[in-house]
Protein chains: 2
Amino acid sequence: MNNFEFKNPTKIIFGKDTIKNIANEIPTNAKVLLLYGGGSIKKNGIYDQVTTALANVDFIEFGGIPANPEYALLMDALKVIKDEKITYLLAVGGGSVIDGTKFLSAAALYEGETPWDILTKNIRTEKGMPFGTVLTLPATGSEMNSGAVITRKETKEKLAMGGPGLFPVFSILDPQVISSIPQRQLANGLMDAFTHVLEQYMTYPVEALLQDRFAESILQTIIEVAPKILKDPTDYKAASNFMWSCTMALNGLIQKGVPTDWAVHAMGHELTALFGIDHARTLAIIAPSHYEFNFDAKKEKLAQYGERVWNITEGTLEEKSKAAIKKTVAFFHEIGIDTKLSDYTKDYEGTAEKIAKRFTDRGWLGLGEHQSLSPDKVEEIVKMAY
Amino acid sequence: MNNFEFKNPTKIIFGKDTIKNIANEIPTNAKVLLLYGGGSIKKNGIYDQVTTALANVDFIEFGGIPANPEYALLMDALKVIKDEKITYLLAVGGGSVIDGTKFLSAAALYEGETPWDILTKNIRTEKGMPFGTVLTLPATGSEMNSGAVITRKETKEKLAMGGPGLFPVFSILDPQVISSIPQRQLANGLMDAFTHVLEQYMTYPVEALLQDRFAESILQTIIEVAPKILKDPTDYKAASNFMWSCTMALNGLIQKGVPTDWAVHAMGHELTALFGIDHARTLAIIAPSHYEFNFDAKKEKLAQYGERVWNITEGTLEEKSKAAIKKTVAFFHEIGIDTKLSDYTKDYEGTAEKIAKRFTDRGWLGLGEHQSLSPDKVEEIVKMAY
């Protein structure tokens, strides 16, 4: 097991009818900016629940944060924060709204020249403006971690940021919100959380027995609830386990003491930036090719995953590993997610070269747990995913 | 899944040679009281590592905190804290030293008549004196939770306390400390952590799929590493997984959203108070009888545990459940722990009646996940354990 540090101070408030507890968590003298997305919360009743809970809180609103939160729009929100002397942020939404709020939390207290630096110069945020979240879409785990991904349209870039100052103070997780999520978003959430676990698990063994078993626990739970939640999003058993699994998949716990990969995300982000493909679906495009390409480096963990998660008991280590990749692709298809770039766009020729060049330009010379995936290898993996 | 709240702000610093990081975690202007136990840390080198790390820190010492931290002695330490204007506590030890430090953290800021009230009147500590820990004995999980158990010799009582103000600010877990722990303490640690998981798991199903799998993960890991760590405590793989499993067993995570039992601990504590039997061994005495006595209420979970943790695939649900209890007792014996009160004392007659009466006197009318174990049932369970 590798050495590690772990601290996660976010308070989780989980369960039925918990949105009404918001006001208990926000200081009484706070001036709050309520941030949300495209407005679905006004149709499904969540907006009403939130504003009712905020009856005695001084707040204003900023809606319209899109999927893949966009820098220019967030700069408009930052102006509101400064003009209105906001002291506390409340994100009501999925990963995009929460990630956008994290950027604002950092930018609001940033003293450098331009907040864009936070993204391009990898500036860690030690202290941000305090914020809470009401999660409306289980997927990214952003509700209990300190990372965010921000997009800038004009440069077609999608960049990561984070730091210990960016944990939500609290996050409210009411699984009942899942009942109004469209199938496509549910499938995306399942896919996203599943891949988050794989990125922290599908590397090489370091004798971290408990972390491995925790990761496998989340994968097993997602596999168990996926068909149920897609069939009936009002199934509270499935919804609550889905929601808690998404949070645990990326709250930092399972990555402690083990190597992590994240190459699937790095490549996937480029597909979103280039084609606007849903984040989760880019992961389904890249992951199978990535595991095939890096088979020898990952086969021990692939076999262990095959045995424990998919009950593959027959065959050699290599055969189990291959079967595990097949099972994974089949699972993605079962939840309605295509796994080839050509399923999403006809304009895919040249994509691999383009992504490899962007990585080279950015100085990203070695992705993955061994920092060994050079741009030419990235090019091969993306081509395999056409 | 039941509604829950979860917040655990303790910073964990885990791994080889991490004790030297203490000073980074303590405010430079702190006046520190270094608390420890019987002095084994002076023989195994941990005391030297700690004091070297504290070279530039203003600290004084208070050693001699025994197993089952004793109220009268802690009151001596409290006097030192007040007299010396201590602002920060540092516990170097196992669960007893850390629990004692938690009591002091609470007592140092307590404004009521006597700190004994914290224990007898169930006063939750919202804010305690800040403290860190260096764990020398994996077992209780006290290094990453906010609870403590304190003993008062004069009344032969062992009482619990806690509150959100009693999380350690940081805890340093260096698995290398395990190499100098005697076999008896290693076995106690394995037993204690194993039972902590059972108390939060062996109840009835509430469709908390992920929590169940996490609990089973810890049990599986303890079973896997137990023979290795007992054979060779310098085995870092086994030691690191043992240590992290003990922490995760009682840091609050696996109990969230599920019913919990804790009747084994309640009865076990009395055996320690009455006979001075090691805490962990009292759990091994009580647990088998408890599961036999409450078989019908617990058989679904017993069977699931048997299937997933012990690979018991044959038989009816009842047969699997019975086999799971047998496997558990065999595991306790394998790690060298006896499971009957008569193995520890010849003076056991009347114990059951005595414990039942103490529960009645204290107004504890219903233990366990259903609050259904009345003192007369407790009496039966303890008798079964003779």
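What counts and how
Residues numbered from 1 in each chain as written. Chains lettered and ligands numbered in written order. Predicted model: local features only at pLDDT ≥ 70, side-chain atom pairs only at ≥ 80, totals over all residues. Heavy atoms only, no water. UniProt positions renumbered as here; feature names shortened; annotations may be inferred. Helix = DSSP H or I, 4+ residues; strand = E, 2+ residues; numbered from the N terminus. Buried < 20%, exposed > 50% of the residue type's maximum accessible area, 1.4 Å probe, protein only. Pairing = 2+ DSSP bridges. Axes fitted to C-alpha atoms, helices over the stretch in contact; angles between N-to-C directions. Contact = heavy atoms within 4.5 Å. Buried area = accessible area lost by both parts, 1.4 Å probe. Salt bridge = Lys/Arg side-chain N within 4 Å of Asp/Glu carboxyl O. Polar contact = N/O pair within 3.5 Å; in protein donor to acceptor, adjacent residues only side chain to side chain. Core = buried A, V, L, I, M, F, W, Y, C linked by side-chain atoms within 4.5 Å. Phe/Tyr/Trp six-rings, centres within 6.5 Å; stacked < 30°, edge-to-face > 60°.

## A short note on the UniProt feature "domain: Alcohol dehydrogenase iron-type/glycerol dehydrogenase GldA" (unreviewed entry) in chain A
Now for step 1: In this numbering, the UniProt entry assigns the feature "domain: Alcohol dehydrogenase iron-type/glycerol dehydrogenase GldA" (unreviewed entry) to residues 9–175 of chain A.
Now for step 2: Helix makes up 29% of residues 9–175 of chain A and strand 26%. Its end C-alpha atoms lie 22 Å apart.

## Thoughts on the pairing of strand 7 (residues 157–162) of chain A
Residues and elements named next belong to chain A.
Now for step 1: Here strand 7 lies mainly inside the structure; five of its six residues are buried.
Now for step 2: The sheet contact formed by strand 6 (residues 147–152) and strand 7 spans six bridges and is antiparallel. Within strand 7, the residue paired with Ile150 across the bridge is Leu159.
Now for step 3: Linking strand 6 to strand 7, which pair antiparallel, is a turn of four residues; within it Lys156 sits at a positive phi near 50 degrees.

## What about the sheet that holds strand 5 (residues 131–135) of chain A?
Now for step 1: Reading across from one edge, 3(A)-2(A)-4(A)-5(A)-8(A)-1(A)-1(B)-8(B)-5(B)-4(B)-2(B)-3(B) is the order of the 12 strands in this open sheet, with mixed pairing throughout. Since the sheet does not close on itself, it has two edges, and those belong to strand 3 (58–62) of chain A together with strand 3 (58–62) of chain B, each with one partner. When strand polarity is set aside, the average angle formed by the axes of neighbouring strands in this sheet is 25 degrees.
Now for step 2: As paired elements, strand 4 (residues 88–93) of chain B and strand 5 (residues 131–135) of chain B share five bridges and run parallel to each other. Note that in strand 5 of chain B the partner of Ala91(B) across the bridge is Thr133(B).
Now for step 3: Of the strands in this sheet, strand 1 (4–14), strand 5 and strand 8 (170–173) of chain A together with strand 1 (4–14) of chain B are in contact with helix 9 (residues 236–249) of chain A, which crosses strand 1 of chain A at around 150 degrees.

## Observations concerning unusual backbone geometry
Residue and element names in this part refer to chain A.
Now for step 1: Unusually for a residue other than glycine, Asn122 sits at a positive phi of about 50 degrees.
Now for step 2: Structurally, the position occupied by Asn122 is in the loop between helix 6 (116–120) and strand 5.
Now for step 3: For Trp262, which is not glycine, the phi dihedral falls at a positive 70 degrees.
Now for step 4: With respect to the helices and strands, Trp262 occurs in the loop between helix 9 and helix 10 (263–275).

## So, the interface of chain B and chain A
Now for step 1: Facing the 38 residues of chain B at the interface are 38 residues of chain A.
Now for step 2: Together, the buried faces of chain B and chain A total about 3,700 Å²; carbon and sulfur atoms form 61% of this surface.
Now for step 3: The three residues of chain B that bury the most area against chain A are Leu209(B), Leu210(B) and Trp244(B), which together make up 16% of that side's buried surface.
Now for step 4: Taken together, the links from chain B to chain A amount to four salt bridges.
Now for step 5: Between Glu224(A) and Arg213(B) there is a salt bridge, and its shortest N-O distance comes to 3.6 Å.
Now for step 6: Taken together, chain B and chain A are joined by 17 residue pairs in polar contact (both at pLDDT 80 or more).

## With respect to the nonpolar core
Now for step 1: Residues Ile22(A) and Ile22(B) are the most contacted members of the largest nonpolar core, which totals 267 residues.
Now for step 2: Residues contacting Ile22(B), with those up to four places away along its chain left out, are Val50(B), Ala53(B), Leu54(B), Leu90(B), Val134(B), Phe170(B) and Ile172(B).

## Details of the packing of aromatic side chains
All names here are of chain A.
Now for step 1: One pass over the structure, following the stated rule, counts 27 aromatic pairs over all chains.
Now for step 2: Arranged with centres 5.7 Å apart and planes meeting at 70 degrees, the rings of Phe14 and Trp244 form a pair that is edge-to-face. Highlighted residues: Phe14 in strand 1 and Trp244 in helix 9, separated in sequence by 230 residues. In this pair, the class of Phe14 matches that of Trp244, namely buried.
Now for step 3: Judged by centre distance (6.3 Å) and plane angle (65 degrees), the rings of Tyr201 and Tyr305 are edge-to-face.

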